[in-house]
Amino acid sequence: MKKVATVAIATLLFAGCANAAMEKMVGGAPMYPNKTIVENASQSKDHTTLVAAVKAAGLVDTLSGKGPFTVFAPTNAAFAALPAGTVDTLLKPENKGQLTKVLTYHVVPGKLDAKDLVADIKKGNGKAMLKTVEGMPLTFTQSGDAVMVADASGNTARVTIADVQQSNGVIHVIDKVLLPK
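Residues numbered from 1 in each chain as written. Predicted model: local features only at pLDDT ≥ 70, side-chain atom pairs only at ≥ 80, totals over all residues. Heavy atoms only, no water.

Asker: So what exactly am I meant to see when it comes to the packing of aromatic side chains here?
Answerer: Any pair of aromatic rings gets described here by the distance separating the centres and the angle formed by the planes. Throughout the structure, instances matching the rule amount to one aromatic pair. Relative to Phe140, the ring of Phe72 lies with its centre 5.2 Å away and its plane at 45°, an arrangement referred to as tilted. Residue Phe72 is found in strand β3 (residues 69-74), and its partner Phe140 is found in strand β6 (residues 137-143); the two are separated by 68 residues along the sequence. By the burial criterion, Phe72 is buried, and Phe140 matches it. (Phe/Tyr/Trp six-rings, centres within 6.5 Å; stacked < 30°, edge-to-face > 60°. Helix = DSSP H or I, 4+ residues; strand = E, 2+ residues; numbered from the N terminus. Buried < 20%, exposed > 50% of the residue type's maximum accessible area, 1.4 Å probe, protein only.)

Below is the structure:
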């Protein structure tokens, strides 16, 4: 009986370690692979502006849906770096269409991990272009070990945290807001 109890405890400890290894910390909170994009993003202190924008655009149900989605999630600091008043203007109800366009420009259909993005970049001889949910492409390159994302205007964001697994896709945290033309 003592041997069975020891095996059971070891099994529980191993399972706990394996689950913890799959979780990443973003904005001071663990991101759980069994939760949706919206559920996890809502826990990150670094993504309160993004979550507020998703709510204002009416995209909560979409990003909580089955997916899968690949989301390039700008941090609060990325939104703060926009020209003064930009975020407040986008969050106004009369600008919901423009806000939706900006947010869906950060979403690519399907689930693309960093290794998939790097493989696409290599296959494209140093550049990969992926169509966003908004309809315009994002351009991906690699700088050393970092994956870089460029918008239609030539602004470039760096993936700072890759492969944050979600039940309905994957999030890659980025350091700039991407803007469609």
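Asker: Whenever I open this one, the sheet that holds strand β5 (residues 128-131) confuses me. Can you help?
Answerer: Strand pairing in a sheet takes place through backbone hydrogen bonds and is either antiparallel or parallel in direction. Within the open sheet, the seven strands sit side by side as β4-β3-β9-β8-β7-β6-β5. Their pairing is mixed. Each of the sheet's edge strands pairs with one partner strand only, and the pair in question is β4 (107-109) and β5. Neighbour-to-neighbour, the strand axes of the sheet open up by a mean angle of 30°, direction not taken into account. In terms of strand pairing, β3 meets β4 through three bridges, oriented antiparallel. Across the sheet, Thr70 pairs through a bridge with Val108, a residue of β4. Set on the sheet, helix α8 (residues 114-123) makes contact with β3, β5, β6, β7 (146-150), β8 (156-166) and β9 (169-174); between it and β6 the angle comes to about 90°. (Pairing = 2+ DSSP bridges. Axes fitted to C-alpha atoms, helices over the stretch in contact; angles between N-to-C directions. Contact = heavy atoms within 4.5 Å.)

Asker: What exactly am I supposed to notice about helix α3 (residues 48-56) here?
Answerer: Note: α-helices contain 3.6 residues per turn, so residues at a spacing of three or four share the same orientation. Along α3, the residues classified as buried are Thr49, Leu50, Val51, Ala53 and Val54. On the buried face of α3, the contacting elements are α2 (37-41), α4 (60-64), β3, α5 (76-80), α6 (86-90) and α7 (96-104). Immediately beyond the C-terminal end of α3, within one or two residues, lies Gly58, with a positive phi of roughly 75°.

Asker: Quick question: what am I supposed to make of the side chain of Gln165 here?
Answerer: Positionally, Gln165 belongs in strand β8. In this structure the side chain of Gln165 is engaged in a polar contact, spanning 2.8 Å, whose partner is the side chain of Lys111. For Gln165, the side chain forms a polar contact with the side chain of Asp113, separated by 3.2 Å. Setting aside chain neighbours within four positions, we find Gln165 in contact with Tyr32, Pro33, Asn40, Lys111, Asp113 and Val170. (Polar contact = N/O pair within 3.5 Å; in protein donor to acceptor, adjacent residues only side chain to side chain.)

Asker: Quick question: what am I supposed to make of the environment of Thr139 here?
Answerer: Considering the arrangement of structural elements, one finds Thr139 in strand β6. By relative accessible area, Thr139 is classed as buried at 18%. Sequence separation of Thr139 and Met129 is 10 residues, and the distance between their C-alpha atoms is 4.5 Å. Other than its neighbours up to four places away in sequence, Thr139 contacts Lys127, Ala128, Met129, Met148, Val149 and Ala150.

Asker: How should the pairing of β5 be read in this particular structure?
Answerer: Within a regular beta strand, the side chains point alternately toward one face of the sheet and then the other, so they alternate between its two faces. Alternating residues of β5 divide into Ala128 and Leu130, all buried, and Met129 and Lys131, none buried. Pairing of β5 with β6 involves four bridges; the strand directions are antiparallel. Of the residues in β6, the one forming a bridge with Lys131 is Pro137. A loop of five residues connects β5 with β6, the two strands running antiparallel in sequence, and Gly135 in this loop sits at a positive phi of about 115°.

Asker: Is there a simple way to think about unusual backbone geometry in this case?
Answerer: Trans peptide bonds make up most of the peptide bonds, and negative phi angles are found at most residues other than glycine. Between Gly67 and Pro68 the backbone carries a cis peptide bond, its omega angle lying at 5°. Relative to the helices and strands, Pro68 is located in the loop between α4 and β3.

Asker: I tried to follow the side chain of Thr36 on my own but got confused; where do I start?
Answerer: Examined against the element boundaries, Thr36 turns out to sit in the loop between β2 (29-31) and α2. If we ignore the near neighbours within four places in the chain, the residues touching Thr36 are Leu63, Ser64, Gln166, Ser167 and Asn168.

Asker: Could you clarify how one ought to interpret the nonpolar core in this entry?
Answerer: What tends to happen in soluble globular proteins is that the nonpolar side chains get buried as a cluster. One finds Leu63, Val71, Leu103 and Ile171 to be the most contacted residues of the largest nonpolar core, which totals 27 residues. Contributions of two or more residues to this core are made by β2, α2, α3, β3, α5, α6, α7 and β9. With near-sequence residues (within four places) excluded, Val71 lies in contact with Ile37, Leu63, His106, Val107, Val170, Ile171 and His172. One finds Ala128, Leu130, Val149 and Leu178 within the second-largest nonpolar core, a separate group that totals 17 residues. (Core = buried A, V, L, I, M, F, W, Y, C linked by side-chain atoms within 4.5 Å.)

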